Amino acid sequence: QLQLVESGGGLVQPGGSLRLSCAASGFTLDYYAIGWFRQAPGKEREGVSCIRSSGGSTNYADSVKERFTISRDNAKNTVYLQMNSPKPEDTAVYYCAAGPMCTGLRNRARSWGQGTQVAVSS
């Protein structure tokens, strides 16, 4: 079975930092493009970032560009989202998803995690 589990969420102050992890079980991430998505209360889910299987190309939403960094460690079967200088509007449940490729922020996701809550507040 293909499963993804997000972790690392929590409360962070504006200007602080937080690192989210997306760990895979039942399959290896080596051959998948991994996307990070988020859904804020009352809003639709939106793409945040996507990294191709090789890790050589990354995409970011304009709202998080230069603040968030997506990376992967295939040896650990894990993808990360480093959140620097988070803003209150970054508050959301963050999900990771595995798909065949990154097309902008979309990746034709086949498997989704259950999400991890991120709250940005003073």
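Here's what I pulled together on the structure shown here.

**A closer look at the nonpolar core**
Part 1 of the reasoning: In terms of nonpolar packing, the biggest core is built from 28 residues, with Ile34, Trp36, Leu81 and Tyr94 touching the most fellow members.
Part 2 of the reasoning: Elements supplying a minimum of two residues to this core: β3 (17-25), β4 (33-39), β5 (46-51), β7 (68-73), β8 (78-84), β9 (92-99) and β11 (116-120).
Part 3 of the reasoning: If near-sequence neighbours (up to four positions away) are discounted, Leu81 is found in contact with Leu18, Arg19, Leu20, Trp36, Val48, Ser49, Phe68, Thr69, Ile70 and Tyr94.

**Here's the deal with the sheet that holds β8**
What holds strands together in a sheet is hydrogen bonding between their backbones, with the strands either parallel or antiparallel.
Part 1 of the reasoning: Taking strand neighbours across the sheet as the criterion, the four strands line up as β1-β3-β8-β7 in an open arrangement whose pairing is antiparallel. Of all the strands in the sheet, the pair left with one neighbour each is β1 (3-7) and β7. Mean inter-strand twist for the sheet, computed between neighbouring axes without regard to direction, equals 15°.
Part 2 of the reasoning: Of the pairings in the sheet, the one linking β1 to β3 comprises five bridges and is antiparallel in character. Paired with Leu4 across the two strands is Ala24, which belongs to β3.

**Brief notes about the environment of Leu29**
Part 1 of the reasoning: Tracing the backbone through its elements, the reader meets Leu29 in the loop between β3 and β4.
Part 2 of the reasoning: Assessed through its relative accessible area of 0%, Leu29 is described here as buried.
Part 3 of the reasoning: It is 29 Å that separates the C-alpha atoms of Leu29 and Lys43, two residues lying 14 residues apart in sequence.
Part 4 of the reasoning: With near-sequence residues (within four places) excluded, Leu29 lies in contact with Leu4, Cys22, Ala24, Ile34, Arg72, Asn74, Asn77, Thr78 and Val79.

Procedures and definitions
Residues numbered from 1 in each chain as written. Predicted model: local features only at pLDDT ≥ 70, side-chain atom pairs only at ≥ 80, totals over all residues. Heavy atoms only, no water. Core = buried A, V, L, I, M, F, W, Y, C linked by side-chain atoms within 4.5 Å. Buried < 20%, exposed > 50% of the residue type's maximum accessible area, 1.4 Å probe, protein only. Helix = DSSP H or I, 4+ residues; strand = E, 2+ residues; numbered from the N terminus. Contact = heavy atoms within 4.5 Å. Pairing = 2+ DSSP bridges. Axes fitted to C-alpha atoms, helices over the stretch in contact; angles between N-to-C directions.

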